[in-house]
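Below are the chains, spelled out letter by letter.
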Amino acid sequence: MPKILYLSMSREEYSPNYFPFLRDYVDQVKSPGTEVDLRGTRVGRIDSFRFFETLDWISILDSVIGAEQDGYDAVAIGNILDPALREARSMVDIPVLGLGETSMLTSCMMGSTFSLVGVNPYFGGRFEENVAKYGLRDRLASIECMGLTPHELDACFSDESGREKAIESFTAAARASLEKGAEVVIPAGGRLTAFLNAVGLREVDGAPLLDGTVSLVAAAESAIRIRQRLGSFVSRRRLYAKAPVDSIRKAAGEYAEGYNLPALGRLASDSTDITKD
């Protein structure tokens, strides 16, 4: 049975509406024979500002290493900013996929151009960075913002008046992107995707709203099959070059202790055992 670890950048106590919906929705969209475990970050409280977001990367990286050690076949990072995605790929052999990259690449099969509609103006610059990283500048029509924080959006799951305002805000932003040439609209965030699914909004004026959660889970399942067939998934030539065992043995233990990273500590111990054999 394939096993996927689905990582969120938030925690259930800070997303009391989003997490239960996401857990149920992932169970609906995964293949019958696939097991998906949902986990948040250790803090995950502030997801608007770059500094705090980067601190949560440490939790993600340790979770990815732990996932490989615990027998998971893939990791899905369910955050639109793809936190720690490249770094994670350089440390494990199982596939690691991100919500942002997967959503953008999937949208390119659905239409010639896409837009990103987010909930927070602070994300715009980071969206632009990632679009450039993935070589998709020519496919991007626009980046729009609803003007809500992620936590304000979480409240809209249960607040009817807030729900209507959020729908109106998203629809207006999506239409603005269509006027700029978008053929596919990407709801830029796992929480936003969940909200739109909860209210049954799937398209705006004939343009599909890409379901990033479905895309990410399906892509992770496909990546598992690819690795099983080919024997590997990620290239080690340049960008995702993996640290040699000797480097891990010398440095990982110190990093694990200094930053309280139990999975990295186990990796350091395993590397030490390997070099003794």
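Throughout what follows, the structure given in this document is the object of discussion. (Residues numbered from 1 in each chain as written. Predicted model: local features only at pLDDT ≥ 70, side-chain atom pairs only at ≥ 80, totals over all residues. Heavy atoms only, no water.)

**Some remarks on the side chain of Thr213**
Phase 1: Turning to its location among the elements, Thr213 is positioned in helix H9 (residues 212-230).
Phase 2: The residues touching Thr213, leaving out its near neighbours within four places in the chain, are Tyr6, Leu22, Tyr25, Val26, Leu99 and Thr193. (Helix = DSSP H or I, 4+ residues; strand = E, 2+ residues; numbered from the N terminus. Contact = heavy atoms within 4.5 Å.)

**Remarks on H9**
Phase 1: The first and last C-alpha atoms of H9 sit 26 Å apart over 19 residues, in line with the 27 Å expected at 1.5 Å per residue.
Phase 2: Within the sequence span of H9, burial applies to Gly212, Thr213, Ser215, Leu216, Val217, Ala219, Ala220, Glu221, Ala223 and Ile224.
Phase 3: Its buried side turned inward, H9 meets strand E1 (3-7), helix H1 (18-29), strand E3 (74-77), strand E4 (96-98), helix H4 (99-110) and helix H8 (190-199).
Phase 4: The backbone nitrogen of Thr213 has a side-chain oxygen 3.1 Å away, supplied by the residue at the start of H9, namely Asp211.
Phase 5: At the C-terminal side of H9, Gly231 shows a positive phi close to 95 degrees. (Expected span 1.5 Å × (residues − 1). Buried < 20%, exposed > 50% of the residue type's maximum accessible area, 1.4 Å probe, protein only. Polar contact = N/O pair within 3.5 Å; in protein donor to acceptor, adjacent residues only side chain to side chain.)

**Focus: the sheet that holds E4**
Phase 1: In space, the four strands of this open sheet follow the order E2-E1-E3-E4, with parallel pairing throughout. Edge positions in the sheet fall to strand E2 (35-39) and E4, since each of these pairs with one other strand and no more. Taken pair by pair, the neighbouring strands of this sheet meet at an average axis angle of 20 degrees, ignoring direction.
Phase 2: Across four bridges, the pairing between E1 and E3 is parallel. Following the sheet pairing, Tyr6 is matched in E3 by Ala76.
Phase 3: Here H9 sits on the sheet in contact with E1, E3 and E4, set at roughly 145 degrees to E1. (Pairing = 2+ DSSP bridges. Axes fitted to C-alpha atoms, helices over the stretch in contact; angles between N-to-C directions.)

**Some thoughts on the pattern of salt bridges**
Phase 1: For the coordinates displayed, the defined rule picks out 13 salt bridges.
Phase 2: One salt bridge in this structure joins Lys180 and Glu144, with 3.0 Å as the shortest N-O distance. Residue Lys180 is found in the loop between helix H7 (160-179) and strand E7 (184-187), and its partner Glu144 is found in strand E6 (residues 140-145); the two are separated by 36 residues along the sequence.
Phase 3: The exposure class assigned to Glu144 is buried, which follows from its relative accessible area of 12%.
Phase 4: Here the salt bridges share partners, and the residues they tie into one network are Asp93, Arg236 and Lys242. (Salt bridge = Lys/Arg side-chain N within 4 Å of Asp/Glu carboxyl O.)

**Some remarks on a nonpolar patch on the surface**
Phase 1: A cluster of nonpolar side chains, namely Phe49, Phe51, Phe52, Leu55 and Tyr122, defines an oily patch on the protein surface of about 540 Å² accessible area.
Phase 2: Structurally, Phe51 is set in helix H2 (residues 50-69).
Phase 3: Judged by its relative accessible area of 58%, Phe51 falls in the exposed class. (Patch = residues over 30% accessible without salt bridge, like charges linked within 9 Å, V, L, I, M, F, W, Y side chains within 5 Å. Areas by Shrake-Rupley, 256 points an atom, 1.4 Å probe, with all protein chains shown as cover.)

**Some thoughts on the packing of H1 against H8**
Any two packed helices are characterised by how steeply their axes cross, that is the angle between the axes, and by the distance between the axes.
Phase 1: One way to put it is that H1 packs onto H8 with a least axis distance of 10 Å and a crossing angle of 75 degrees. Considering their axes alone, H1 and H8 lie roughly perpendicular with respect to each other. Here Tyr18, Phe21 and Tyr25 of H1 lie close against H8, whose contacting residues are Gly190, Arg191, Ala194, Asn197 and Ala198.
Phase 2: Of the residues assigned to the contact of H1 with H8, the class counts are five nonpolar, two polar and one charged. (Parallel < 35°, antiparallel > 145°, perpendicular 65-115°, else oblique. Nonpolar A, V, L, I, M, F, W, Y, C, P; charged D, E, K, R; others polar.)

**What to know about the pairing of E1**
Phase 1: A large share of E1 lies buried, amounting to four of its five residues.
Phase 2: Pairing between E1 and E2: five bridges, direction parallel. Looking across to E2, one finds that Tyr6 is bridged to Leu38.
Phase 3: The parallel pair E1 and E2, bridged by H1, forms a crossover whose chirality is right-handed. (Right-handed = clockwise from strand over helix to strand, strands pointing away.)

**Side note on the nonpolar core**
Phase 1: Core analysis: the largest hydrophobic core is formed by 77 residues, its most contacted members being Tyr6, Val75 and Phe170.
Phase 2: Among the elements that make up this core, the one with the highest residue count is H9 (six residues).
Phase 3: Setting aside anything within four residues of it in sequence, one finds Val75 in contact with Leu5, Leu7, Val64, Ala67, Ile94, Pro95, Val96 and Leu97. (Core = buried A, V, L, I, M, F, W, Y, C linked by side-chain atoms within 4.5 Å.)

**Remarks on helix H10 (residues 245-259)**
Phase 1: Between its first and last C-alpha atoms H10 spans 20 Å; for 15 residues at 1.5 Å apiece the expected length is 21 Å, and the two agree.
Phase 2: The principal kink in H10, of about 40 degrees, is found at Ala251.
Phase 3: Taken as a whole, H10 has its buried residues at Ile248, Ala252 and Ala256.
Phase 4: Asn260 lies just past H10 and shows a positive phi near 55 degrees. (Bend = angle between axes of the 7 residues up to and from the residue.)

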